[in-house]
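Summary of the model geometry
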Amino acid sequence: MQTVAVIDYGMGNLHSVAKALEHVGAGKVLITSDADVIREADRVVFPGVGAIRDCMAEIRRLGFDKLVHEVSQDRPFLGICVGMQALLERSEENDGVDCISLFPGQVKFFGKGLHEDGEHLKVPHMGWNEVKQTVNHPLWHDIPDLARFYFVHSYYIAAGNARQVVGGGHYGVDFAAALADGSRFAVQFHPEKSHTHGLQLLQNFAAWDGRW
């Protein structure tokens with residue numbers, strides 16, 4: 001049976017993610033902060049919620065910044081929400097925080113005066129929104145284009161490499177909803193809270209060989 005390591009650095013919605021992975025038959029799901037267990041896993045999931053400064057402080061304290069670079073190179077790797085944002089170069093949150101730099105790009109604040117067609121948009125962006133599939137990636141298998149996923153975020157990703165954007169979202173501004181590079185895939189939304197389409201994405205991740 002394959003193993004899926006859900007990285008525990010004290011800042012993620014870990015049990016919801018783990019339960020969703022178990023529900024789709026992903027294999028033996030391990031919530032762990034043990035670097036050796038993570039290295040031995042067949043697949044790795046990197047979730048996250050909360051303030052990026054606190055997240056990055058724990059990630060660096062545990063040495064997970066280097067570990068993420070290592071384990072994401074040779075096996076399927078999935079970043080979720082703040083776990084995705086931490087993979088970028090830098091976030092504007094908390095007056096600026098350097099991140100892991102797995103993907104080029106910046107994490108930017110939506111702003112307080114966000115409008116669309118004369119309508120004031122609340123920040124955080126919270127609720128269901130469409131994701132435009134910009135690349136035919138294996139993790140989109142059996143998920144229709146413009147499927148709706150559940151988002152909760154005040155900061156969005158401005159990707160540094162447009163070719164890595166495999167899913168786009170819009171909330172006042174266009175933003176990267178999904179990034180991919182080799183065996184690495186990351187999403188701004190919460191697949192574990194996105195019902196049928198989110199579970200399908202996790203099922204696709206469980207079956208993915210890390211190539212596309």
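Rules used in this analysis
Residues numbered from 1 in each chain as written. Predicted model: local features only at pLDDT ≥ 70, side-chain atom pairs only at ≥ 80, totals over all residues. Heavy atoms only, no water. Pairing = 2+ DSSP bridges. Helix = DSSP H or I, 4+ residues; strand = E, 2+ residues; numbered from the N terminus. Axes fitted to C-alpha atoms, helices over the stretch in contact; angles between N-to-C directions. Contact = heavy atoms within 4.5 Å. UniProt positions renumbered as here; feature names shortened; annotations may be inferred. 1 Å grid on protein atoms, 1.4 Å probe; cavity = no way out; pocket = protein on both sides within 12 Å on 5 of 7 lines; lining within 4 Å. Buried < 20%, exposed > 50% of the residue type's maximum accessible area, 1.4 Å probe, protein only. Arc of directions from axis to C-beta. Polar contact = N/O pair within 3.5 Å; in protein donor to acceptor, adjacent residues only side chain to side chain. Salt bridge = Lys/Arg side-chain N within 4 Å of Asp/Glu carboxyl O.

1. Here's the deal with the sheet that holds strand β15 (residues 184-187)
- Overall, mixed pairing links the nine strands, which are arranged β2-β1-β3-β4-β15-β14-β13-β10-β11 in an open sheet. Strand pairing shows two members of the sheet lacking a second neighbour, β2 (28-32) and β11 (147-153), which therefore form its edges. Across this sheet, the average inter-strand angle for adjacent strands is 25 degrees, counted without regard to direction.
- Bridge count between strand β10 (residues 125-133) and β11: seven bridges; the pairing is antiparallel. Paired with H125 across the two strands is H153, which belongs to β11.
- Lying on the sheet, helix α6 (residues 195-207) is in contact with β3 (43-46), β4 (77-80), β10, β11 and β15; it crosses β3 at an angle near 140 degrees.

2. A few points about the UniProt feature "active site" (unreviewed entry) in the chain
- The UniProt entry lists C81, H190 and E192 under the feature "active site" (unreviewed entry), expressed in the numbering used here. Separation in sequence by 112 residues is not matched in space for these annotated residues, since their most distant C-alpha atoms are only 10.9 Å apart. For the largest pocket, the lining residues drawn from the annotated set are C81 and H190.
- Discounting chain neighbours no more than four positions away, the residues touching H190 are V49, I80, C81, Y150 and V152.
- Along the chain, E192 falls in the loop between β15 and α6.
- Contacts of E192, omitting those with residues within four sequence positions, involve N13, S16, V17, A20, I80 and L202.

3. Things to note about unusual backbone geometry
- V123 connects to P124 through a cis peptide bond whose omega is 15 degrees.
- With respect to the element layout, P124 can be found in the loop between β9 (119-120) and β10.
- Backbone geometry places N94, a non-glycine residue, at a positive phi of 55 degrees.
- Among the secondary structure elements, N94 is positioned in the loop between β5 (90-91) and β6 (97-98).
- Despite not being glycine, H195 shows a phi value in the positive range, around 55 degrees.

4. Remarks on helix α3 (residues 52-61)
- When we look at burial in α3, the residues that qualify are I52, C55, M56 and I59. The arc that holds the buried residues of α3, viewed along the axis, is 95 degrees, so those residues lie on one side.
- Looking at the buried residues of α3, the elements they touch are β3, α4 (64-71), α5 (82-85), β5 and β6.
- One or two steps after α3, the chain reaches G63, where phi turns positive at roughly 75 degrees.

5. Describing the environment of D174
- Along the chain, D174 turns up in strand β14 (residues 173-181).
- Between the alpha carbons of D174 and I157 there is a distance of 9.1 Å; along the sequence they are 17 residues apart.
- Residues contacting D174, with those up to four places away along its chain left out, are Y156 and G169.
- Of the polar contacts made by the side chain of D174, one reaches the side chain of H170; its length is 2.6 Å.

6. Some thoughts on the pattern of salt bridges
- In total, this model carries ten salt bridges according to the counting rule given.
- E58 is the partner of R61 in a salt bridge, and the nearest nitrogen-oxygen pair spans 2.9 Å. With R61 and E58 both in helix α3, this residue pair falls three residues apart, about one helical turn.
- For R61, a relative accessible area of 58% translates into the label exposed.
- Taking relative accessible area as the criterion, E58 reaches 25% and is therefore assigned partly exposed.
- The closest approach of N and O atoms between D65 and R60, which form a salt bridge, is 3.7 Å.
- For R60, a relative accessible area of 40% gives the class partly exposed.

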